[in-house]
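Here is what each chain is made of, one letter per residue.
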Amino acid sequence: MEMLIVVAIIAILIAIAIPTFASSLNKARVATDEANIRSGYATVMATVLTDDSVDVEGNSTKEKATYWLNKDGSVTAGAADANAYVTKGKTADAKDIAGQSVPGWDKDKKVKYEYDFATNKITITVVA
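Residues numbered from 1 in each chain as written. Predicted model: local features only at pLDDT ≥ 70, side-chain atom pairs only at ≥ 80, totals over all residues. Heavy atoms only, no water.

A few words on the overall build of the protein. Tallying secondary structure elements over the protein gives one helix and six strands in all. Its helices and strands taken in sequence order, the protein reads α-β-β-β-β-β-β from the N to the C terminus. Compactness check: the protein gives a C-alpha radius of gyration of 21 Å against a globular reference of 14 Å for 128 residues, more than 25% above the reference. When the backbone C-alpha atoms are referred to their principal axes, the protein occupies close to 80 × 25 × 20 Å. Sorting the 128 residues of the protein into buried and exposed places 24% on the buried side. The contacts of the protein with a sequence gap of at least 6 include a subset with a gap of at least 24, amounting to 52%. On the protein, roughly 8100 Å² of surface is accessible, and the fraction owed to carbon and sulfur atoms is 59%. Each charge class in the protein was averaged separately, 14 positive and 16 negative side chains, and the resulting centres sit 7 Å apart. (Helix = DSSP H or I, 4+ residues; strand = E, 2+ residues; numbered from the N terminus. Rg over C-alpha atoms; globule rule 2.2 N^0.38 Å. Buried < 20%, exposed > 50% of the residue type's maximum accessible area, 1.4 Å probe, protein only. Contact = heavy atoms within 4.5 Å. Areas by Shrake-Rupley, 256 points an atom, 1.4 Å probe, with all protein chains shown as cover. Lys, Arg positive; Asp, Glu negative; His and termini not counted. Charge placed at Lys NZ, Arg CZ, Asp CG, Glu CD.)

Next comes the structure, spelled out in structure tokens:
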């Protein structure tokens, strides 16, 4: 009888612990995504500022440039490729990343940065 009570108590504790652990694991994945998105933002800024063909003083003939975050933290101009970073977590809440609000995202989405030459601002979006 005592053994059944001990097993029941352990089962109750496991039933409580598993959802808490899963929630904590997703929060860690979202935090990793945030850090990677922030790092990609810095990489895009460095890329734009060091590109000789870009005039960041508003005199560019380009209107916008699109960059995609890669798995290694670098960015690729143009279209996303097989090396593109995909998000690991899922969040419904908007996150403040690099001074702007990034809407929530699902797991396995790609990160896109659009640089606007007229305003010198980057827009971050997480897309399919």
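Here the narrative resumes, following the displayed structure.
Moving on: the sheet that holds strand β5 (residues 110-116). The sheet built from four strands is open, its strands ordered β2-β1-β5-β6 with antiparallel pairing. Among the strands making up the open sheet, the edge pair consists of β2 (75-77) and β6 (121-127). The sheet shows a mean angle of 30 degrees between the axes of neighbouring strands, direction not considered. As paired elements, strand β1 (residues 64-69) and β5 share five bridges and run antiparallel to each other. Paired with Ala-65 across the bridge in β5 is Tyr-115. Of the strands in this sheet, β1, β2, β5 and β6 touch helix α1 (residues 2-50), which is tilted by about 35 degrees from β5. (Pairing = 2+ DSSP bridges. Axes fitted to C-alpha atoms, helices over the stretch in contact; angles between N-to-C directions.)

So, about the pairing of β1. Sheet topology places β1 next to β2; three bridges connect them, and they run antiparallel. What sits directly across from Tyr-67, in β2, is Ala-77. Between the end of β1 and the start of β2, which pair antiparallel, lie five residues, with Gly-73 showing a positive phi angle near 95 degrees.

We now examine the nonpolar core. Grouped burial of nonpolar side chains is what soluble globular proteins tend to show. Judged by nonpolar contacts, the single largest core of 19 residues is most densely connected at Ile-37, Val-44, Tyr-67, Trp-105, Val-111, Tyr-113 and Ile-124. Only α1, β1, β5 and β6 provide two or more residues apiece to this core. Of all the elements, α1 adds the most residues to this core, at four residues. Apart from residues lying up to four places away in sequence, Ile-124 is in contact with Ile-37, Tyr-41, Ile-97, Gln-100, Val-102, Val-111, Lys-112 and Tyr-113. (Core = buried A, V, L, I, M, F, W, Y, C linked by side-chain atoms within 4.5 Å.)

At Ala-98, a residue that is not glycine, the phi angle is positive and equals roughly 55 degrees. Tracing the backbone shows Ala-98 in the loop between β3 (95-97) and β4 (100-102). Given a relative accessible area of 30%, Ala-98 falls into the partly exposed group. The phi angle at Asn-120 is positive, at roughly 60 degrees, despite the residue not being glycine.

On to the pattern of salt bridges, then. Applying the stated rule across the entire model yields three salt bridges. The salt bridge involving Lys-90 is made with Asp-106; its shortest N-O contact spans 4.0 Å. Of the two residues, Lys-90 is situated in the loop between β2 and β3 and Asp-106 in the loop between β4 and β5; the sequence distance between them amounts to 16 residues. For Asp-106, a relative accessible area of 38% translates into the label partly exposed. With its nearest N and O atoms 3.9 Å apart, the salt bridge here joins Glu-114 to Lys-112. (Salt bridge = Lys/Arg side-chain N within 4 Å of Asp/Glu carboxyl O.)

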